[in-house]
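# Coordinate inspection notes
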Protein chains: 2
Amino acid sequence: MKQTTGKQSIELKTEVYVISGSSIVGSKEKEGPLGSCFDKTVEDPMMGKDSWEEAESALQKEAADLAIQKAGILKDQVRMIFAGDLLAQSIASSFGIMTLGLPLYGLYGACSTMGEALSLGAMAVAGGYGEYVLSLTSSHFASAEKEFRFPLEYGNQRPLSASWTVTGSGACVLGTRKSSVKITGITTGKIIDYGLKDSQNMGACMAPAACDTICANLKDFVRGPENYDRIITGDLGYIGQRILLDLLKEKGWDIHRQHLDCGMMIYDQDSQDTHAGGSGCGCAATVFAGYVLPRLESGEWKRVLFVPTGALLSKLSFNEGQSVPGIAQGVVLEHADN
Amino acid sequence: MKQTTGKQSIELKTEVYVISGSSIVGSKEKEGPLGSCFDKTVEDPMMGKDSWEEAESALQKEAADLAIQKAGILKDQVRMIFAGDLLAQSIASSFGIMTLGLPLYGLYGACSTMGEALSLGAMAVAGGYGEYVLSLTSSHFASAEKEFRFPLEYGNQRPLSASWTVTGSGACVLGTRKSSVKITGITTGKIIDYGLKDSQNMGACMAPAACDTICANLKDFVRGPENYDRIITGDLGYIGQRILLDLLKEKGWDIHRQHLDCGMMIYDQDSQDTHAGGSGCGCAATVFAGYVLPRLESGEWKRVLFVPTGALLSKLSFNEGQSVPGIAQGVVLEHADN
């Protein structure tokens, strides 16, 4: 069994289906252009909890429950969970999905985590390790500002290159049971560092990683951009997108017809004051579950390359003067006629 | 292909070998009872760097390089890395292995991360996703104290129930190439929360999770403790061990003849002032690579259940009054006659 097609990509020979997707967002995301796509909106950003972190955990729990419910399975049929978030020591996930009482592998891939969760989930299903697995992530505007920048109460100003962390959680049940969307390939990301140090311009920091993963995917699968209906990055935003398109052009690829970015789609840049776009693990996850998946299910899109992007930094690495490297995890999804 | 033997365990039908292991430790670990087992000691805990975090990254890089070298392969033959550490946003790993330029899946499982890295690495190799993969983790006493408790400069006192974070990194190359040790099974951990809130008594917080994973392993594989030469937990320490043995006795299992704990072995409790024992991702990883693996290689031990244990907390979750749940990831290793 040789499933490796190239250095960075895996062609899944065993069929892996995306059986369900769920998306829970906050009110700002509901007011955005994709508002009607999400399953559920929470009006109270605290979710009735005592802290932003607990609120984020509650989002994850709801997204997990809903994905399991939409898959029409029992909780205990989920063989393992792949989950992570942006907070230090992934506490949103730990406290969010703890009560599910299911086997867990915790992940950290910054905002690329949904790509990682889908990749490892698909590898687990294709490997025969479980009939159903759950892949999920979350982010919360207030917990992320506190974690990476300043508590909201400081009223800190944000430069135009900054992105707005999505309050939301997205979850998918993957499995062997046929559905109308399958995962057919994976391109594992490498850490790419161009030496950029501006944590308020994460799109620029992540664009080189997105470029690397997309190039590896096209090379490994011997495809051109025209072989994808859409190539969808996680949260590069307006600045990151320009850099990505330029970097890819230098490599001989023009993807401007195929490219979408979840961070650019989730908010209205003009009216919502979100500057460079949306970001956070929850951005790619909710847009995937709410917007991308339905278009693959209907067959409007036949094949999509989904590339969540992550900026690998912490308060500490930033304060110690380190650069902000990026990573991007690629997942190939196809409409399945069943 | 049905590899699931039970709810939490996977029996690997395809052979996965541990091809090499490397361990790099600090001088305190070198002075401990296992000092002669480790590959390399670093005398300068700063590793010539400007910060503890950068020092930990340097440890990881050295461990990775050494494991690859001991496996007799080229760096580029490593198909993917599974790595993580204790620091917020896993920066020790990101900055440590970035220069390797290899495909990466970042993990967070607190001190259980080596169990998670070996599990996912073994699943990837058995799934046919790579001929060689690298599993590694690290911890550093000074970066961990700063991350979870107080900077060393504060001279904070430590209760007797506290453990001492190991300065070290351990790495293993797993693959399809035959060696004298193979991974034959995995038991994925669940988050277990007994409501304990004392982050200075992590052994007690993690013992219930270790009990849960060990029981699931014995049940799923229809084995008794006597079917293992050793059952080796990560970093429960003296207090955690007592609780684990008691909890297992309540479930009808007596493992006191088989049980070892990496945290109890790495330091001399009397002379090294380490209180409850060693801890940190680097504890289980270095003791595994330096002490456990050679005994499996020689055939002194035929079958071992390795169960790294993690305490799922952050500064924030602790300060917000949350409990400290635990998780434990189980890996079954066997001597192979080749």
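Nothing here was measured: the structure is a model prediction, and the numbers come from that model. (Residues numbered from 1 in each chain as written. Chains lettered and ligands numbered in written order. Predicted model: local features only at pLDDT ≥ 70, side-chain atom pairs only at ≥ 80, totals over all residues.)

### Focus on the overall build of chain A
Per the secondary structure count, chain A includes eleven helices and 15 strands. For chain A, the C-alpha atoms occupy an extent of roughly 55 × 50 × 35 Å along the three principal directions. Within chain A, contacts between residues at least 6 apart in sequence are counted, and of these 80% link residues at least 24 apart. (Helix = DSSP H or I, 4+ residues; strand = E, 2+ residues; numbered from the N terminus. Contact = placed C-beta atoms within 7 Å.)

### Here we look at the environment of A:Lys40
All names here are of chain A. Relative to the assigned elements, Lys 40 resides in strand E2 (residues 40-42). Along the chain, Lys 40 and Glu 62 lie 22 residues apart, while their C-alpha atoms are 9.4 Å from each other. In this structure Lys 40 touches Ile 24 and Glu 62, once residues within four positions along its chain are discounted.

### Overview of the interface of chain B and chain A
Between chain B and chain A, the residue contacts involve 52 residues of the former and 52 residues of the latter. Mapped onto the side of chain B that touches chain A, the elements with two or more residues apiece are strand E3 (80-84), helix H3 (91-97), strand E4 (104-106), helix H4 (113-126) and helix H11 (315-319) of chain B. The leading source of residues in the side of chain B that touches chain A is H4(B), at five residues. Taken together, the residues that form the side of chain B that touches chain A break down as 26 nonpolar, 19 polar and seven charged. (Nonpolar A, V, L, I, M, F, W, Y, C, P; charged D, E, K, R; others polar.)

### Topic: the packing of helix H6 (residues 202-220) of chain A against helix H7 (residues 237-250) of chain A
All names here are of chain A. The contact between H6 and H7 brings their axes to 8 Å, and the two run at 40°. One way to sum up the angle between H6 and H7 is to call them oblique. As H6 packs across H7, the resulting crossing turns out to be right-handed. Between H6 and H7, the contacting residues are Gly 203, Ala 204, Met 206, Ala 207, Pro 208, Ala 210, Cys 211 and Ile 214 on the first element and Gly 237, Ile 239, Gly 240, Ile 243, Leu 244, Leu 247 and Leu 248 on the second. Taken together, the residues of the contact of H6 with H7 sort by class into twelve nonpolar, three polar and no charged. (Axes fitted to C-alpha atoms, helices over the stretch in contact; angles between N-to-C directions. Parallel < 35°, antiparallel > 145°, perpendicular 65-115°, else oblique. Left-handed = near helix turned anticlockwise from the far one by under 90°.)

### Points about the domain arrangement of chain A
By convention, interface size is frequently given as the accessible area that disappears when the constituent parts associate. Residues and elements named next belong to chain A. Parsing chain A into structural domains produces domain 1 (16-175) and domain 2 (181-335). The interface of domain 1 with domain 2 comprises 52 residues on the first partner and 54 residues on the second. Of all elements in the fold, only strand E1 (9-26), helix H1 (27-30), helix H4 (113-126), strand E5 (132-139), helix H5 (141-148), strand E6 (164-165) and strand E7 (168-175) reach the threshold of two or more residues within the side of domain 1 that touches domain 2. Ranked by residues supplied to the side of domain 1 that touches domain 2, first place goes to H4 with eight residues. (Domains from an automatic or database assignment.)

### Considerations on the relation of the copies chain B and chain A
Between the two copies of the chain lies a rotation about an axis combined with a shift along it. Superposition record for chain B on chain A: RMSD 0.0 Å, screw rotation 180°, translation along axis 0.0 Å. What the superposition gives is, in effect, a two-fold axis relating one chain to the other. Comparing interface residues between copies, 100% of those in chain B also lie at the interface in chain A; the contact surface is shared. (Least-squares fit on C-alpha atoms with pLDDT ≥ 70 in both.)

### So, helix H2 (residues 52-70) of chain A
All names here are of chain A. Look at H2: 27 Å from first C-alpha to last across 19 residues, which is about the 27 Å you get at 1.5 Å a residue. H2 sits mainly inside the fold: 16 of its 19 residues count as buried. Backbone geometry just downstream of H2 places Gly 72 in the positive-phi region, at approximately 70°. (Expected span 1.5 Å × (residues − 1). Buried ≥ 20, exposed ≤ 12 C-beta atoms within 10 Å, placed from the backbone.)

### Describing the pairing of strand E8 (residues 181-187) of chain A
Taken residue by residue, a regular strand's side chains alternate between the two faces of the sheet. All names here are of chain A. The buried fraction of E8 amounts to six of the seven residues, a majority that puts the element mostly inside the structure. Summarising the sheet, E8 and strand E15 (residues 330-335) pair through six bridges and their orientation is antiparallel. In the strand pairing of E15, Ile 183 is matched with Leu 333. (Pairing = 2+ DSSP bridges.)

### Some thoughts on unusual backbone geometry
The phi dihedral of A:Met47 falls on the positive side, at around 50°, and the residue is not glycine. By the element assignment, A:Met47 lies in the loop between E2 and H2. A positive phi angle, near 50°, is found at B:Val222, a position not held by glycine. Looking at the element boundaries, B:Val222 is found in the loop between helix H6 (202-220) and strand E9 (230-233).

### A few points about the pairing of E9(B)
Residue and element names in this part refer to chain B. Burial along E9 is two-sided: Arg 230 and Ile 232 and Ile 231 and Thr 233, pointing in opposite directions, are all buried. Sheet topology note: the E9/strand E12 (residues 303-307) ladder contains four bridges and is parallel. Across the sheet, Thr 233 pairs through a bridge with Val 307, a residue of E12. Bridge analysis of E9 against strand E10 (residues 259-261) gives three bridges, and the strand direction is parallel. Its bridge partner lying in E10, Thr 233 is registered against Asp 261. The parallel pair E9 and E10 is bridged by helix H7 (residues 237-250), and the resulting crossover is right-handed. (Right-handed = clockwise from strand over helix to strand, strands pointing away.)

### Some points on the environment of B:Ile183
Residues and elements named next belong to chain B. Relative to the elements of secondary structure, Ile 183 occurs in strand E8 (residues 181-187). What makes Ile 183 buried here is the crowd of 24 C-beta atoms within 10 Å. Not counting residues up to four positions away in its chain, the partners in contact with Ile 183 are Leu 12, Val 16, Val 18, Leu 118, Ala 122, Leu 174, Val 331, Val 332 and Leu 333.

### Thoughts on H4(A)
Residues and elements named next belong to chain A. With 14 residues, H4 should cover 20 Å at 1.5 Å per step; its first-to-last C-alpha distance of 20 Å lies within 8% of that length. Most of H4 sits out of view: 14 of its 14 residues are buried. Downstream of H4 by one or two residues, Gly 128 has phi in the positive range, about 85°.

### Observations concerning the confidence of the model for chain A
Residues and elements named next belong to chain A. For chain A, the average pLDDT comes to 95, and 98% of its residues sit at 70 or higher. Note that pLDDT drops below 50 for residues 1-5; the model gives that stretch 16 contacts with residues more than four away or on any other chain. On the interface metric, ipTM, the complex scores 0.97, and its pTM is 0.97. (pLDDT = per-residue confidence, 0-100.)

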